[in-house]
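Okay, here's what each chain looks like letter by letter:
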Amino acid sequence: MSEIDIFNQYPLHIDPQTKSISLPQSSAYTPTQITAINAELQELNDLHRSFLSIEGPAGIPPPPLPVNPKRSAQITKLRDSANATYRKGNHVEAVRLYTYAIDMALSRPGWEPVTLAREELAGLFGNRAQAHMAMQAWPEGFIDAKSSVDSKPVGNVKAWWRVGKCLAEMSRYGEAKSFVLKGLEIEGRVSEGGKELVALLDDVEAALKRA
Amino acid sequence: MVDWLSLAVPLAYLGVLIGSLATFSSLYRKRKAQKAASLEPWFPAHLQRDIYFSLMHLDPSAQQTEKKLPAVPESVLKTSLLRRATEDIRRVLALRSQKQALTVLLQRGSVGDDLWQRFQLAEKEMEEEVKDVVAEANAYVPNWGQVIFQSANEMMNNDLYRKRMAEHQSKLAEEKAFWGKKKASIQEGFMKELDGSEGGVAEAEKAPEAAPTSATLSVQSDEDAVLVEAESVSSPGKKKKGKGKK
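Residues numbered from 1 in each chain as written. Chains lettered and ligands numbered in written order. Predicted model: local features only at pLDDT ≥ 70, side-chain atom pairs only at ≥ 80, totals over all residues. Heavy atoms only, no water.

Chain B appears in an unreviewed UniProt entry as Pre protein translocase subunit Sec66-domain-containing protein from Penicillium atrosanguineum.

Next up, the structure:
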């Protein structure tokens, strides 16, 4: 009997129908313990639901690679239709479609590669930011563009530009400058997007001088 | 013929020697184990692990037939095992990142031996824990043990990433409220500029400077809010006056 066999037993309860696990009310734990346990059980039950949707006889999550192409295809489809809607000039509808796609990408099961989720969401957030900007909804655009660069800092020059642009539009020039500088540091000045960033930087600096 | 009487003395000597050695050794080991046990554990209680085992022992009859539990379906146990593996990954990574700093501190004598012992104990425990999880996983599905930690690693990273995104998105209301107030004050500034009032220009220029710092600090933005409100209360009168003049 080594230490590895010792554990704290919790008087858990399983619902016969839904199979969800819960902690009975009457147990003697401190409130912090109870919240911790309940939070963990909540996660467990959520994860269990996605476990049940796993295909295959083993019923275990497949290894991270290769990825199941189904969800990727769905998300791509939604994004394409959102892009088309945006090009037609229907920005409200485009935002709605992008939001659907984002929700779908966010609800990917956790065992799928995080790099994939980052890549997808960086694009989707970036596009939604663009749609918001077309409606002059600067704070929404700023938040989405920031999410996008946080998801994928490298090779995402458009999103960097959008962050800067939104901040500049809200006349938060100081912040805009620091974001644009960070973007330039990562993306470089020579590329097409880099030049746009430089142009934006000039604008922002001019505005700062004026202020 | 063996002379038992003359052998009794050396035999007794040997017996006493071995006996005392054995007693000393067992006492020493017991004390050492006690000391180790009395050390504070490195990590808090492993909640996921506790839940996993609690689920396993939920049904008294389950103990004999672990494979086909009547009460807890296997999928729940598998889920629980994956949660446990995810927490293990977190802990192993934490240990790995702490190890280097701790060795440096130990060499300099900045930390005591106690801490180092606790750390080593935790390391050993985690090693066993990981092995145990692999064995359990293999018991459910052959070869799952080889991928469960890969999956768990992605689970952890995805979790971190989702939380970050949720954090970004949760700031939306704050940003929107802030921008709403700011927009009002800027528009006011423009109106005043149009009216040719000097004070209006100064205020409009003041606003952008105050903005960057107040966006991050909600307390400050509250102050801003008060300011802006005060302005907006006082300004309509001015505006009317301006219009009246024209």
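Participant: Any chance you could explain the overall build of chain B here in plain terms?
Facilitator: In terms of helices and strands, chain B carries eight helices and zero strands. Across chain B, helices and strands are ordered from the amino to the carboxyl terminus as α-α-α-α-α-α-α-α. Intrachain contacts of chain B at a sequence separation of at least 6 include 70% that bridge at least 24 residues. When the accessible area of chain B is evaluated, it comes to approximately 15,400 Å², of which 60% is carbon and sulfur surface. (Helix = DSSP H or I, 4+ residues; strand = E, 2+ residues; numbered from the N terminus. Contact = heavy atoms within 4.5 Å. Areas by Shrake-Rupley, 256 points an atom, 1.4 Å probe, with all protein chains shown as cover.)

Participant: Just checking my understanding: could you explain the side chain of Glu-175 of chain B for this structure?
Facilitator: Locating Glu-175 of chain B in the fold gives a position in helix H6 (residues 172–195). Judged by relative accessible area, Glu-175 of chain B falls into the buried class, the value being 8%. Within the structure, Glu-175 of chain B has its side chain in polar contact with the side chain of Arg-172 of chain A (distance 2.8 Å). Glu-175 of chain B has contacts with Pro-139, Phe-142, Ile-143 and Arg-172 of chain A, leaving out every residue within four places of it along the chain. (Buried < 20%, exposed > 50% of the residue type's maximum accessible area, 1.4 Å probe, protein only. Polar contact = N/O pair within 3.5 Å; in protein donor to acceptor, adjacent residues only side chain to side chain.)

Participant: Before we go on, may I ask you to explain unusual backbone geometry in this structure?
Facilitator: Comment: phi is negative for the bulk of residues other than glycine, and the bulk of peptide bonds are trans. Residues other than glycine seldom take positive phi values, yet Ser-171 of chain A does so here, at roughly 50 degrees. Summarising the element assignment, Ser-171 of chain A is placed in the loop between helix H6 (157–169) and helix H7 (173–187). The class for Ser-171 of chain A is buried, based on a relative accessible area of 9%. Phi is positive for Asn-143 of chain B, which is not a glycine, with a value near 75 degrees. With respect to the helices and strands, the residue Asn-143 of chain B is situated in the loop between helix H4 (113–140) and helix H5 (144–170).

Participant: I tried to follow the confidence of the model for chain B on my own but got confused; where do I start?
Facilitator: Caution is warranted with low-pLDDT regions, since their predicted coordinates should not be read in detail. Residues and elements named next belong to chain B. Taken as a whole, chain B shows an average pLDDT of 76; of its residues, 74% reach a score of 70 or greater. A low-confidence stretch, residues 62–69 (pLDDT under 50), is modelled with seven contacts involving residues beyond four sequence positions or located in other chains. Note on residues 199–246: pLDDT is under 50 here. Beyond four places in sequence and across chains, it has 37 contacts. Scored by ipTM, the complex comes to 0.83, with pTM at 0.69. (pLDDT = per-residue confidence, 0-100.)

Participant: Just checking my understanding: could you explain the interface of chain A and chain B for this structure?
Facilitator: Interface size, as often reported, equals the accessible area lost upon joining of the parts. If you look at the interface, chain A gives 61 residues, while chain B gives 52 residues. For the chain A and chain B pair, buried surface summed over both sides reaches about 5,100 Å², with 64% attributable to carbon and sulfur atoms. Where chain A packs against chain B, one counts five salt bridges. The shortest N-O distance in the salt bridge between Glu-175 of chain B and Arg-172 of chain A comes to 2.8 Å. Inspection of the chain A/chain B interface yields 20 residue pairs in polar contact (both at pLDDT 80 or more). Sorting the residues of the side of chain A that touches chain B by element identifies helix H1 (31–52), helix H3 (91–106), helix H4 (114–134) and helix H5 (138–151) of chain A as the ones contributing at least two each. (Buried area = accessible area lost by both parts, 1.4 Å probe. Salt bridge = Lys/Arg side-chain N within 4 Å of Asp/Glu carboxyl O.)

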